[in-house]
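# Notes for the structure review
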Amino acid sequence: MLSMTGYGYAERLTDDFLLTVEVKSYNNRYLEIVHTLPNSLSRFEQEMDRLIKEVVSRGRVELSVRLKQINIDLNLHVDEGVLPQYRQAFERITRLVGSKQEPSLGDYLAAEGVVVSVRDTEVSRYEAPLMELLDQALLQFRESKEREGAATRDDLTRLARQLEEGLGVVASYAGTLEQKLKDNLITRFDEMLGSKGYDENRFMQEVAILLSKYSVNEEIVRLQTHIEALKSLLNVAEPVGKRLDFLSQEMNREINTIGSKSILVEINQQVVQMKDSLENIREQVRNIE
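Attention in this report is confined to the structure presented alongside it. (Residues numbered from 1 in each chain as written. Predicted model: local features only at pLDDT ≥ 70, side-chain atom pairs only at ≥ 80, totals over all residues. Heavy atoms only, no water.)

## So, the overall build of the chain
This is how it is decided: The numbering of helices and of strands both runs from the N terminus, where a helix is a DSSP run of H or I of at least 4 residues and a strand a run of E of at least 2. When checking whether two residues touch, look at their non-hydrogen atoms; a contact exists if any pair is within 4.5 Å. Calculation of accessible area relied on Shrake-Rupley with a 1.4 Å probe; when residues are assessed, cover is drawn exclusively from the protein chains displayed.
Across its full length, the chain carries nine helices and six strands. Once local pairs closer than 6 in sequence are excluded, the contacts in the chain between residues at least 24 apart make up 80%. If you sum the accessible surface of the chain, you get close to 17,200 Å²; carbon and sulfur atoms cover 49% of it.

## Describing the side chain of Arg58
Selection rule: For every residue, the accessible area (1.4 Å probe, protein chains only) is compared with the maximum for its type, and the residue is labelled buried under 20%, exposed over 50%, or partly exposed between those bounds. The convention is simple: Lys and Arg are positive, Asp and Glu are negative, and His and the chain ends are not counted. The term salt bridge refers to a pairing of a side-chain nitrogen on Lys or Arg with a carboxyl oxygen on Asp or Glu at a separation within 4 Å. In protein, a polar contact requires one atom able to donate a hydrogen and another able to accept it; more generally it is a pair of N or O atoms within 3.5 Å, and residues adjacent in sequence count only if both atoms are side-chain atoms.
By the element assignment, Arg58 lies in the loop between α1 (45-53) and β4 (59-69). One buried charged residue, Arg58, forms no salt bridge at all, with the nearest opposite charge on Asp245 at 6.8 Å. At 2.7 Å, the side chain of Arg58 forms a polar contact with the backbone oxygen of Ile288. Setting aside residues no more than four positions away along its own chain, Arg58 makes contact with Met4, Asn28, Arg29, Tyr30, Leu31, Gly241, Lys242, Ile288 and Glu289.

## Looking at the pattern of salt bridges
Under the definition given, this model contains 20 salt bridges. Here Glu62 makes a salt bridge to Arg60, at a shortest N to O gap of 3.2 Å. Glu62 sits in the partly exposed class, given a relative accessible area of 23%. Its salt-bridge partner being Lys231, residue Glu164 comes within 3.1 Å of it at the nearest N-O pair. With Glu164 in helix α4 (residues 127-172) and Lys231 in helix α7 (residues 217-233), this pair connects stretches of sequence that are 67 residues apart.

## Examining the packing of helix α8 (residues 241-261) against helix α9 (residues 265-285)
The line we're drawing: For helices, the axis comes from a line fit to the C-alpha atoms of the stretch in contact; other axes are also lines fit to C-alpha atoms, and the angle between any two N-to-C directions lies between 0 and 180 degrees. Here the word oblique covers every angle except those under 35 degrees (roughly parallel), over 145 (roughly antiparallel) and from 65 to 115 (roughly perpendicular). Handedness of a crossing is defined here by the sense of rotation of the near helix relative to the far one, left-handed for an anticlockwise turn of less than a right angle and right-handed for a clockwise turn.
At a minimum axis distance of 10 Å, the contact between α8 and α9 shows a crossing angle of 165 degrees. Considering the angle they form, α8 stands roughly antiparallel to α9. The hand of the α8/α9 crossing is left-handed. Taken together, the residues of α9 that come into contact with α8 (itself represented by Gly241, Leu244, Asp245, Ser248, Gln249, Met251, Asn252, Ile255, Asn256, Ile258 and Gly259) are Ile267, Asn268, Val271, Met274, Lys275, Leu278, Ile281, Arg282 and Val285.

## Re the packing of aromatic side chains
Note the threshold: Aromatic rings from Phe, Tyr and Trp, with only the six-membered ring used for Trp, were paired whenever their centres fell within 6.5 Å, and each pair was classed as stacked if the ring planes differed by under 30 degrees, edge-to-face if by over 60, and tilted otherwise.
Scanning the model with the defined rule gives two aromatic pairs in all. With 5.1 Å between their ring centres and 85 degrees between their planes, Phe17 and Tyr126 make a pair best called edge-to-face. Here Phe17, found in strand β2 (residues 17-26), pairs with Tyr126, found in the loop between β6 (115-119) and α4; they are 109 residues apart in sequence, far enough to count as distant. A residue is classified by how much of its surface remains accessible, and Phe17, at 6% relative accessible area, is buried.

## Considerations on the sheet that holds strand β1 (residues 6-13)
We count it as follows: DSSP-based pairing: two strands are paired if at least 2 bridges between them are found.
In spatial order, the strands read β1-β2-β4-β3; together these four strands make up an open sheet with mixed pairing. Looking at the sheet topology across the chains shown, the edges are occupied by β1 and β3 (31-36). With strand direction ignored, the average angle separating the axes of adjacent strands in the sheet is 10 degrees. Note that β3 and β4 share six bridges and pair parallel. Residue pairing in the sheet places Ile33 in a bridge with Val61 of β4. Across the face of the sheet, α4 comes into contact with β1, β2 and β4 while running at roughly 150 degrees to β1.

## A word on the environment of Thr257
Along the polypeptide, Thr257 turns up in helix α8. Residue classification places Thr257 among the partly exposed residues on the basis of a relative accessible area of 23%. Each C-alpha atom, one on Thr257 and one on Glu219, is 7.4 Å from the other, the two residues being 38 residues apart in sequence.

## What about a nonpolar patch on the surface?
The cut-off we apply is this: Each patch is built from salt-bridge-free residues with over 30% relative accessible area, joining like charges within 9 Å and nonpolar side chains (Val, Leu, Ile, Met, Phe, Trp, Tyr) within 5 Å.
A surface patch of nonpolar side chains, amounting to about 370 Å² of accessible area, comprises Val78, Leu105, Leu109 and Val115. Relative to the helices and strands, Val115 is located in strand β6.

## Thoughts on the nonpolar core
Put simply, the test is: Nine residue types can take part in a nonpolar core, namely buried Ala, Val, Leu, Ile, Met, Phe, Trp, Tyr and Cys, and a core is a set of them joined through side-chain atoms within 4.5 Å.
Among the nonpolar cores identified, the biggest contains 31 residues, and Leu163, Leu223, Leu230, Leu244, Met274 and Ile281 are the most heavily contacted of them. Of all elements in the fold, only α4, α5 (174-193), α7, α8 and α9 reach the threshold of two or more residues within this core. With residues near it in sequence (within four places) discarded, Ile281 still touches Leu156, Leu159, Ala160, Leu163, Leu230 and Ser248. Ranked by size, the runner-up nonpolar core spans 26 residues in total, among them Ile33, Phe44, Val55 and Val65.

## Structural notes on the packing of α7 against α8
Contact geometry of α7 with α8 gives a least axis separation of 10 Å together with a crossing angle of 155 degrees. By the angle class used here, α7 and α8 are roughly antiparallel. For the element pair α7 and α8, the recorded crossing hand is left-handed. Along its contact with α7, which presents Glu219, Arg222, Leu223, His226, Ile227, Ala229, Leu230 and Leu233, the element α8 presents Arg243, Leu244, Leu247, Glu250, Met251, Glu254, Ile255, Thr257, Ile258 and Lys261.

This is the structure in structure tokens:
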């Protein structure tokens, strides 16, 4: 079982550059990858996404890449062809404004296109170290997701056991509930008819209708099936978050139905406790990949 939250980091320092890769993720219904990286490295986005998808199936993944160049391979080029044009322009301006001031060296250096900087660094040189660092960061990332996922599985196992214990109590009172319904119906018939008596066949029909309406046996069976499915999914290696979420919805429906049908305090108390356990399960499931 994997958590949807995780973190991984790796860096490499050389004489020429410092390169860092950071990967972190949060809960999200689908897989979403967000990039923060220098424009010069954007050409590697597709390959980085492919590597991320090998270890993540769901969640918001934030990938941050930072590059700091220590020794900058920079060449300066003087455009000799543009210098005479600036010279002519400066001379024309001095004539127009009636000034005898000659242009300084700083005027030429500040003019656009006179001195052009050219970087000799080839971006492809960063591809290999970038992918290696991403692999290292993803390894840490995966391990952190597994650690948190294991803790979540242990807690879900505990909560599933609580659900099962509560359901066991409900099942033990199922027969009492049916008898209580019969007794209530007899009391109502006696109150309405008194010494006049009543038709036994009609009475049995009413009992059958009441039991079919308020019996919780079917809900108990379905809820037990859902709990068994929950425990089974907790030991599956593949992503199970969506299936667990669906199971939680189904269990919630059965517990609510039991609560709406019950007229016994003992069952209603267990329903409250089971709803509390299930709410904790649903909170945990939201963090499972």
